[in-house]
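# Fold and contact review
Listed here are the chains, written in short residue letters.
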Amino acid sequence: MKLLFPRNNDLLETTLINTAGGITGGDRFEVAATARAGSKLTLTTQAAERAYRAQSGQVGRVRTRLIVEDGAWMHWLPQETILYEACALSRRLDVTMSDQGRFLMVEPVLFGRQAMGEEPRSILFRDRVSIRQAGSLIYRDGVTFDGDAAAALDRPAIGGGARAMANLVLVAPEAEGLLPLVRAAFGATGGASLLRSGLLVARLLARDGFELRQRLLPVLEQLTHHKLPANWRL
């Protein structure tokens with residue numbers, strides 16, 4: 001793994017580059033980053049991450065630990081993770097924040113490449129997210145697909161035929177005022193709620209990655225104050 005630091009006069013922007021070109025069974029990746037007091041840090045990825053076919057019994061694992069100190073702003077904005085047929089991926093994101101820290105995350109996931117006619121009929125995908133602020137657990141989320149993900153996503157109560165999704169969390173004092181904007185942009189196949197003061201959580205479903213970006217990018221532009229990393233627009 002390598003890090004690239006694009007020139008940006010307003011904040012520190014970091015691009016994570018997986019030099020292996022993807023993730024497969026048996027791989028282990030660990031990322032740790034800290035936004036020090038009063039700093040602004042954006043972390044993104046060079047392009048979509050790919051979870052490839054894994055050998056039987058082998059699971060690729062990704063663990064990310066983020067720390068946001070007093071008065072710091074951190075944006076965790078990786079681009080899409082594409083789940084290929086027969087992949088096995090377990091990932092975990094743990095965020096520790098101070099009471100005065102601010103945090104924005106989005107994690108988009110594509111279930112196969114629709115333009116290529118791919119359908120994820122046998123995959124393992126485990127995703128866990130936890131956020132702690134001032135020592136208290138304020139958010140915990142878990143998603144698991146084990147087996148025929150396409151059949152599960154076709155069920156009305158799960159995906160309604162969607163093959164792309166994104167999970168978005170904003171921890172900031174202005175979260176409540178941004179709730180109407182997120183709801184309007186995400187539309188009927190998205191949902192957004194204020195779980196507590198200063199904590200906005202949203203999930204978006206879409207037919208494919210193109211539709212997902214169409215509805216996700218305007219929201220990210222607003223939430224990042226028009227400082228979305230350039231590679232998101234390529």
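Notes on the structure follow. (Residues numbered from 1 in each chain as written. Predicted model: local features only at pLDDT ≥ 70, side-chain atom pairs only at ≥ 80, totals over all residues. Heavy atoms only, no water.)

Before going further, it helps to examine the sheet that holds strand S12 (residues 136-147). Spatially, five strands are ordered S3-S6-S9-S11-S12 in an open sheet, and the strand pairing comes out mixed. Each of the sheet's edge strands pairs with one partner strand only, and the pair in question is strand S3 (28-35) and S12. Taken over all neighbouring pairs, the strand axes of this sheet differ in orientation by 5° on average, direction set aside. Note that strand S11 (residues 123-133) and S12 share 11 bridges and pair antiparallel. What sits directly across from Ser130, in S12, is Arg140. (Pairing = 2+ DSSP bridges. Helix = DSSP H or I, 4+ residues; strand = E, 2+ residues; numbered from the N terminus. Axes fitted to C-alpha atoms, helices over the stretch in contact; angles between N-to-C directions.)

Attention shifts here to the pairing of strand S10 (residues 102-111). On a regular strand, one side chain projects to one face of the sheet and the next to the other, so that they alternate. Of all 10 residues in S10, nine are buried; the element is thus mostly enclosed. Across four bridges, the pairing between strand S7 (residues 73-77) and S10 is parallel. Across the sheet, Trp76 pairs through a bridge with Met105, a residue of S10. Of the strand pairs in this sheet, strand S8 (residues 81-83) and S10 are connected by three bridges, and their pairing is parallel. The residue of S10 that forms the bridge with Leu83 is Phe111. Two elements, S10 and strand S13 (residues 164-171), share eight bridges in a ladder whose sense is antiparallel. Residue pairing for S13: Glu107 is matched across the bridge by Asn167. (Buried < 20%, exposed > 50% of the residue type's maximum accessible area, 1.4 Å probe, protein only.)

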